[in-house]
Every structure is written in structure tokens, then in C-alpha cells.
Amino acid sequence: PEEAKRQMIFKLTANSVLDMVMDSLSPETAEEVAQCIDGYIGVGIVNKKFGIDLYKELYEALSKVEQKESGYPSQTPAILNFISLIPIILNPVPS
């Protein structure tokens, strides 16, 4: 019961803070901020569930990118492959 009580207090507090943040934004900005927060929370849940750090992996991949003279990264396909996996990880197909 005590753990459930703490979880409920956390949820109520988090929702109140998010309400205040969203109320302080213009309607044009609020939607974009909500989508960013949703994505960030989703990645956080995946990180915790699978014991990984997707942002760390992304930053490591980006740090290995070398610029060609054309201005385009030489490893663009590899990075795009990695980024394209994130929605699949967040929304796995039921087996």
C-alpha cells in the first residue's frame, strides 16, 4: 500500500507539472513540445526495459561520422538505419 501511495503521488505531481508547462506555451509550440516529451519518455522506457541507452548509442554513432569533402557524412546510411530502428523498438509488433 505504501509503494502504491508513493506511485500515485508521483503520477499526480508529474501530471501537474506537465499541465503547468503545457499551459505556459503557445498552442503552436505546445504540440511540438508534447511530441518531444512523448518521444523522450518513450526512449526512457525502452532504455529501462531493455537495459540499454539509445541516446548514448546514437551519440557514439554520430561521433564516428567523418565529413567528406561534399559536406555529407560518410556514414549517413548507418546512422539513418540506427535512427529508423527507434520507432520499431518503441512500438514492437506483437508476436
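Going by the structure above, here's the rest.
Residues numbered from 1 in each chain as written. Predicted model: local features only at pLDDT ≥ 70, side-chain atom pairs only at ≥ 80, totals over all residues. Heavy atoms only, no water.

*Asks:* Mind laying out the overall build of the chain, listing which residues take part and the relevant values?
*Replies:* Along the chain, the regular secondary structure elements total four helices and zero strands. Starting at the N terminus and ending at the C terminus, the chain contains elements arranged as α-α-α-α. Per-residue burial for the chain yields a buried fraction of 11% across its 95 residues. Once local pairs closer than 6 in sequence are excluded, the contacts in the chain between residues at least 24 apart make up 27%. Entry remark: accessible area of the chain is about 8000 Å², with carbon and sulfur atoms responsible for 62%. (Helix = DSSP H or I, 4+ residues; strand = E, 2+ residues; numbered from the N terminus. Buried < 20%, exposed > 50% of the residue type's maximum accessible area, 1.4 Å probe, protein only. Contact = heavy atoms within 4.5 Å. Areas by Shrake-Rupley, 256 points an atom, 1.4 Å probe, with all protein chains shown as cover.)

*Asks:* Before we move on, can you summarise the packing of aromatic side chains with the specific residues and values?
*Replies:* For the structure on display, the rule yields one aromatic pair. Pairing Tyr40 with Tyr55 gives two aromatic rings, centres 5.6 Å apart and planes at 25 degrees, and the pair type is stacked. Placement of Tyr40 in helix α2 (residues 27-50) and of Tyr55 in helix α3 (residues 54-63) is noted, with a sequence separation of 15 residues between them. (Phe/Tyr/Trp six-rings, centres within 6.5 Å; stacked < 30°, edge-to-face > 60°.)

*Asks:* Kindly report on the pattern of salt bridges, identifying the contributing residues and their values.
*Replies:* With the rule as written, the count across this model stands at one salt bridge. Across the pair Glu3 and Arg6 runs a salt bridge whose closest N-O atoms are separated by 3.9 Å. Residue Glu3 and its partner Arg6 are located together in helix α1 (residues 2-23), separated by three residues, close to a single helical turn. With relative accessibility at 44%, the residue Glu3 sits in the partly exposed group. (Salt bridge = Lys/Arg side-chain N within 4 Å of Asp/Glu carboxyl O.)

*Asks:* An account of a nonpolar patch on the surface is requested, with residue identities and associated values reported.
*Replies:* A grouping of Val17, Met20 and Val21 is seen on the molecular surface, where their side chains present a nonpolar patch of about 260 Å² in accessible area. Among the structural elements, Val21 can be located in helix α1. Judged by its relative accessible area of 33%, Val21 is partly exposed. (Patch = residues over 30% accessible without salt bridge, like charges linked within 9 Å, V, L, I, M, F, W, Y side chains within 5 Å.)

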